[in-house]
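The residues making up each chain are set out below.
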Amino acid sequence: MLAAAQAVADLLTGHRLPDALDARTASLPPSSRAPARDMAYQTVRALGRLRALTSRLNGRDPLPAIAALQWVALAQLLDPIRPAAVIVDQAVSAARTLSRSPAGAASFLNATLRRFGRERDGLLAEIADDRVVRYEHPEWWLDRLLQDYPDDWQAIAQAGNRHAPLVLRVNLQRIDLAACAARLAQAGIATRVVGPQALALERAVPVEVIPGFAQGDVSVQDAGAQMAARLLDLADGQRVLDACAAPGGKSCHILELAQVELLAIDVDANRCRRIEGNLARAGLPVAAATVTVQTADALRPDTWWDGRPFDRILLDAPCSSSGIVRRHPDVRWLRRRGDIATLAAGQRRMLQALWPLLRPGGKLLYVTCSVFPDEGAVVIERFLESRSDASQLPLDWTWPDGHTEPVGQLLPRSEPMREHDAYFYALLTKRP
């Protein structure tokens with residue numbers, strides 16, 4: 001419980017929750033790490049409600065470490081799988097172990113948590129009409145959704161609170177979709193088809209127990225993200241740039257679909273090592289004639305480009321990640337209102353920087369995992385206004401049920417054969 005609370009406190013100082021959990025759970029026994037992660041994610045998914053509750057329970061704001069511990073305990077009391085008395089006692093014990101715990105912190109937690117137990121129904125009724133509580137997103141985020149999607153903003157916000165399934169990308173060079181599904185079924189893992197290479201697990205399991213994962217037969221990748229490599233219109237012999245490629249899922253997918261000369265770049269050397277690790281697990285060559293991973297800044301091609309144009313460029317641009325909050329609930333609390341404009345400006349600069357690297361007749365696929373049009377359609381509209389040699393091509397996607405529909409701004413979906421997070425796709429071509 002204490003490790004979970006420390007990770008939540010780190011989140012509120014700007015750290016990604018997965019990174020914070022890695023640091024805070026490193027000293028725990030392996031059997032305790034998963035429960036700590038579950039507690040932290042349960043807390044972050046309910047953070048709007050927890051903040052509203054503590055504003056009524058607390059006479060004054062506690063120190064951040066105590067506030068986070070209070071949230072973790074309250075989150076468990078909201079949806080208890082253990083007796084309430086045990087949860088309260090463990091929170092109080094955790095407070096006593098904090099090296100800088102102020103005098104009275106344990107008593108404060110004991111009093112407020114027990115008060116919640118006594119007044120639960122009344123307190124929850126008091127906050128029920130709070131929009132942040134109802135949708136578990138910051139006020140500014142909800143304002144933007146209302147502005148951009150006046151008819152659908154509530155559904156989009158609610159979709160962001162659902163638990164996303166674990167989706168696998170099947171490497172069709174190694175095993176076909178039906179055979180992979182059958183092998184998983186034999187291992188007690190039920191799946192459903194949600195894309196040409198995509199199997200969604202009915203129940204998430206650790207990747208270590210998934211048959212074929214260690215050998216690269218399958219990889220974890222959302223069905224919406226699996227569209228990218230296929231929408232690139234790849235062919236053998238092409239020269240392909242995967243800009244902002246970490247952690248390497250799309251690079252691996254590109255190499256599964258065609259024999260191309262691939263350059264995968266990322267500005268962060270540590271993230272480049274993750275690309276190499278994923279390529280190695282998939283049995284794909286690194287630093288060979290056909291695959292190169294390079295630490296490089298997509299905004300500064302003059303520092304790494306060899307002057308040979310690319311036939312295809314995949315620009316999975318850094319964005320708000322507002323489209324993947326089902327999987328990463330911490331994103332909504334990390335982002336600030338002004339981030340969208342800053343990110344959109346960077347996306348436009350990146351497009352302008354990479355466009356000269358594309359050969360005439362070549363294609364660039366622009367991708368963001370965002371629901372905000374300012375990071376998608378607006379970026380492309382302004383780019384096309386600035387380039388006389390660029391035009392946008394139509395994109396279509398055929399679902400496993402045979403239905404074909406246009407691809408542009410994808411919003412989160414959870415349907416039997418249509419399951420994905422939110423993404424924006426635009427395919428641009430350079431006129432000769």
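Above this note sits the structure.
Residues numbered from 1 in each chain as written. Predicted model: local features only at pLDDT ≥ 70, side-chain atom pairs only at ≥ 80, totals over all residues. Heavy atoms only, no water.

Within an α-helix, residues lying three or four positions from one another point in the same direction, as the helix has 3.6 residues per turn. A large share of helix H1 (residues 2-11) lies buried, amounting to eight of its ten residues. Along H1, the residues classified as buried are Ala-3, Ala-4, Ala-5, Ala-7, Val-8, Ala-9, Asp-10 and Leu-11. Its buried side turned inward, H1 meets helix H2 (17-25), helix H3 (30-45), helix H5 (64-78) and helix H15 (331-334). (Buried < 20%, exposed > 50% of the residue type's maximum accessible area, 1.4 Å probe, protein only. Helix = DSSP H or I, 4+ residues; strand = E, 2+ residues; numbered from the N terminus. Contact = heavy atoms within 4.5 Å.)

This part covers the pattern of salt bridges. A complete count under the given rule lists 34 salt bridges for this structure. Of the charged contacts in the structure, one is a salt bridge between Arg-134 and Asp-129, with a shortest N-O distance of 3.8 Å. For Asp-129, a relative accessible area of 68% corresponds to the exposed category. Bridged by salt links that share partners, the residues Arg-192, Glu-202, Asp-222, Arg-326, Arg-327, Glu-419 and Asp-421 form one connected network. (Salt bridge = Lys/Arg side-chain N within 4 Å of Asp/Glu carboxyl O.)

Moving on, we get to the packing of H1 against H5. In contact at an axis separation of 8 Å, H1 and H5 are set at 120° when each is read in the N-to-C sense. By the criterion of interaxial angle, the relationship of H1 to H5 is oblique. Considering the relative orientation of H1 and H5, their crossing is right-handed. Two secondary-structure elements touch here, H1 through Ala-4, Ala-5, Val-8 and Ala-9 and H5 through Pro-64, Ala-68, Leu-69, Trp-71 and Val-72. When its residues are assigned to classes, the contact of H1 with H5 shows nine nonpolar, no polar and no charged. (Axes fitted to C-alpha atoms, helices over the stretch in contact; angles between N-to-C directions. Parallel < 35°, antiparallel > 145°, perpendicular 65-115°, else oblique. Left-handed = near helix turned anticlockwise from the far one by under 90°. Nonpolar A, V, L, I, M, F, W, Y, C, P; charged D, E, K, R; others polar.)

Here the focus is the packing of aromatic side chains. Counting across every chain of the model gives seven aromatic pairs. A centroid spacing of 5.5 Å and a plane angle of 50° characterise the contact between Trp-140 and Trp-141, whose relative ring orientation is tilted. Of the two residues examined, Trp-140 and Trp-141, each falls in the buried class. Measuring from centroid to centroid gives 6.4 Å for Trp-140 and Phe-372, while their planes differ by 40°, and the two rings are tilted. Remark: Phe-372 occurs in the loop between strand E9 (358-368) and helix H17 (377-386) and Trp-140 occurs in helix H9 (residues 139-148); sequence separation between them is 232 residues. Taken together, the ring pairs in this structure connect Trp-140, Trp-141 and Phe-372 into an aromatic cluster. Between Arg-144 and the ring centre of Phe-372, over which it is positioned, the NZ or CZ distance is 5.4 Å. The cationic tip of Arg-281 hangs over the ring face of Phe-213; the distance from NZ or CZ to the ring centre is 4.2 Å. (Phe/Tyr/Trp six-rings, centres within 6.5 Å; stacked < 30°, edge-to-face > 60°. Lys NZ or Arg CZ within 6 Å of the ring centre and 35° of its normal.)

What follows is about the environment of Val-8. Inspection of the secondary structure puts Val-8 in helix H1. Assessed through its relative accessible area of 0%, Val-8 is described here as buried. Distance from Val-8 to Val-170, taken between C-alpha atoms, is 34 Å for residues 162 residues apart in sequence.

Two elements in contact, helix H4 (residues 47-57) and helix H7 (residues 105-127), have axes separated by 10 Å at closest approach and are oriented at 115°. In terms of their interaxial angle, H4 and H7 are classed as roughly perpendicular. Handedness of the crossing formed by H4 with H7: right-handed. From H4, Arg-49, Ala-52, Leu-53, Arg-56 and Leu-57 reach across to H7, where they touch Thr-112, Arg-115, Phe-116, Leu-123, Leu-124, Glu-126 and Ile-127. For the contact of H4 with H7, the per-class residue count stands at seven nonpolar, one polar and four charged.

Glycine aside, residues mostly have negative phi angles, and peptide bonds mostly take the trans form. Look at the link from Ala-246 to Pro-247: it is a cis peptide, with omega at 5°. Checked against the element boundaries, Pro-247 lands in the loop between strand E5 (239-243) and helix H13 (249-257). At Glu-136, a residue that is not glycine, the phi angle is positive and equals roughly 55°. Within the secondary structure, Glu-136 sits in the loop between helix H8 (131-135) and H9. Despite not being glycine, Ser-321 shows a phi value in the positive range, around 60°. On the secondary structure map, Ser-321 appears in the loop between strand E8 (310-316) and H15.

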